[in-house]
Amino acid sequence: MLLLRCHLKKAPPEKALYRFCAVMGKLQSKLKHSTYKYSRPDGIIEDRIQTKAFQEYTPAHVDTVSVVAALNSDLCVSGGKDKTVVAYDWKTGNVVKRFRGHEREITKIACVHKSNQFFSASRDRMVMMWALHGSSQPRQQFSGHAMVVTGLAVSPDSSQLCTGSRDNTLLLWDVGTGQCVERASVSRNLVTHLCWVPREPYILQTSEDKTIRLWDSRGLRVAHIFPTKQHIQTYCEVSEDGHKCISCSSGFGGEGCEATLWDLRQTRNRICEYKGHFQTVASCVFLPRAVALMPVIATSSHDCKVKIWNQDTGACLFTLSLDGSGPLTSLAVGDTISLLCASFSRGIHLLRVDRSQGLELREVAAF
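Since the model is a prediction, treat every value here as computed from it, not as a measurement. (Residues numbered from 1 in each chain as written. Predicted model: local features only at pLDDT ≥ 70, side-chain atom pairs only at ≥ 80, totals over all residues. Heavy atoms only, no water.)

Asker: Could you give an account of the sheet that holds strand 12 (residues 149–154), with specific residues and numbers?
Answerer: On the basis of which strands lie adjacent, the open sheet formed by 4 strands has the order 12-13-14-15 and antiparallel pairing. The open sheet terminates on both sides in strands that have one partner only, identified here as strand 12 and strand 15 (179–185). Averaged over all pairs of adjacent strands, the angle between strand axes in this sheet comes to 20°, irrespective of strand direction. Examined bridge by bridge, strand 14 (residues 169–174) and strand 15 share 6 bridges and lie antiparallel to one another. Note on strand 15: the bridge partner recorded for Thr169 is Ser185. (Pairing = 2+ DSSP bridges. Helix = DSSP H or I, 4+ residues; strand = E, 2+ residues; numbered from the N terminus. Axes fitted to C-alpha atoms, helices over the stretch in contact; angles between N-to-C directions.)

Asker: A description of the pairing of strand 33 (residues 360–366) should follow, citing residues and the corresponding values.
Answerer: For strand 33, the buried fraction is high: 6 of the 7 residues fall into the buried class. Where strand 3 (residues 55–56) meets strand 33, 2 bridges bridge the pair, whose relative direction is parallel. Opposite Glu56, over in strand 33, you have Ala366 as the bridge partner. From the end of strand 32 (residues 348–354) to the start of strand 33, which pair antiparallel, there are 5 residues, and Gly358 there has a positive phi angle of about 95°. (Buried < 20%, exposed > 50% of the residue type's maximum accessible area, 1.4 Å probe, protein only.)

Asker: Describe unusual backbone geometry, listing the residues and the values that go with them.
Answerer: At Lys83, a position not held by glycine, the phi torsion is positive, near 70°. For Lys83, a relative accessible area of 40% puts it in the partly exposed group. Residue Leu220 is not a glycine yet carries a positive backbone phi of 50°. With respect to the helices and strands, the residue Leu220 is situated in the loop between strand 18 (212–216) and strand 19 (221–225).

Asker: Which residues make up the pattern of salt bridges, and what are the values?
Answerer: Inspection of every chain in the model, using the stated rule, returns 14 salt bridges. For Arg123, the salt bridge is made with Glu105, and the minimal N-O distance between the two is 3.2 Å. Of this pair, Arg123 sits in the loop between strand 9 (117–122) and strand 10 (126–131) while Glu105 sits in the loop between strand 7 (94–100) and strand 8 (106–111), and the two are 18 residues apart along the sequence. The class of Arg123 is partly exposed, set by a relative accessible area of 36%. For the salt bridge of Arg270 with Glu273, the shortest nitrogen-to-oxygen distance reads 3.4 Å. (Salt bridge = Lys/Arg side-chain N within 4 Å of Asp/Glu carboxyl O.)

Asker: How would you sum up empty space enclosed by the protein? Please name residues and give values.
Answerer: Using the criterion set out here, one finds 1 cavity of 30 Å³ or more in the structure. Each pocket or cavity is described by its volume, and for the largest cavity that value is around 40 Å³. Leu287, Pro288, Val291, Val333, Asp335, Thr336, Ile337, Ser338, Leu339 and Val353 are the residues that line the largest cavity. Where the lining of the largest cavity is concerned, the elements lending two or more residues are strand 30 (328–335) and strand 31 (338–343). Considering only residue class, the lining of the largest cavity consists of 7 nonpolar, 2 polar and 1 charged. (1 Å grid on protein atoms, 1.4 Å probe; cavity = no way out; pocket = protein on both sides within 12 Å on 5 of 7 lines; lining within 4 Å. Points joined across faces, edges and corners; volume = space filled by probe spheres on them. Nonpolar A, V, L, I, M, F, W, Y, C, P; charged D, E, K, R; others polar.)

Asker: An account of the packing of aromatic side chains is needed here, citing residue identities and associated values.
Answerer: One pass over the structure, following the stated rule, counts 8 aromatic pairs. For the ring pair Tyr88 and Phe367, a centre distance of 4.2 Å and an interplane angle of 10° mean the geometry is stacked. Of this pair, Tyr88 sits in strand 6 (residues 84–89) while Phe367 sits in the segment after strand 33, placing them 279 residues apart in sequence. For the residue pair Tyr88 and Phe367, the accessibility class agrees, reading buried in each case. Geometrically, the ring pair formed by Phe119 and Phe142 is tilted, given 6.0 Å between the ring centres and 55° between the ring planes. With Phe119 in strand 9 and Phe142 in strand 11 (residues 140–143), this residue pair connects regions lying 23 residues apart in the sequence. Overall, Phe119 belongs to the buried group, its relative accessible area being 0%. A relative accessible area of 1% means that Phe142 is categorised as buried. What links up through ring pairs into an aromatic cluster is the set Tyr57, Tyr88 and Phe367. (Phe/Tyr/Trp six-rings, centres within 6.5 Å; stacked < 30°, edge-to-face > 60°.)

Here it is, written out as structure tokens:
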């Protein structure tokens, strides 16, 4: 303390304060404070505080991250307000490659199954196809929408691409030629997300008109409309077996803010709802069966929380609060125990499932 007083007397007050804050900043950057709720077997929900050192990797972006998708078990692809598409090795914390070509914010990313190719959509109304190896220039460009592109889905055989927009249209493209082969338009159908059903010719779509539609790519016609929800449907995801899907709702103050599980088979009924978020649910994923003894799903929300749910009962098994992250914008499964979560303020969070004390989720890195 004596040395510190001497130092402060010699330095002007504003410089001393700056040096003190700088030291404090370095200390704070090494610690992560987050809160979560743990559901005990006896039904009691405990509030716990997690204070752990975690790794700060090289940042992938310099602004808000809008979307993240897994390319394989080591690499993810992300995009955001910096107009850049980034391939990132989330296991080593290194940028693999940056791709520039869009003129406005990236809105969606879709990866080609078992490939090093992927697509990006943007507010510039363009969709671009990229390859991890070789040139950093787009392999193909798809131009046809009149407004921001908000939906992007690749067919199981990678031969077709479906895009959707706030212009109320869906376009079906031949990936090889870059030509639009089908066009469909539905009044007030402001597309929020698209997802291709595995091993099927069907495309699932959510909309700002609170509707979930199932499209048949053979002619691009509506094959089924699910019961209308009370709030905007923001996102959808289909299970690997193609039997079920989840949709997410907008909302505020706990009104809306739910995820819904649907049957994609003959009945196409609502199976279960997952309620507990307090703001818009922006993303949802089916988690690998290795994560838990029962089937589980995960959701991320603008309330800065990631929740894990029992898929069958709707019970919330775990809640992780990513304090200071701002709205959580996107979720992706990295591997059997890892999740990638994009955020408004703090880049991409690497989350890991911990089963040492039951089913828990911890942040281990950010980039």
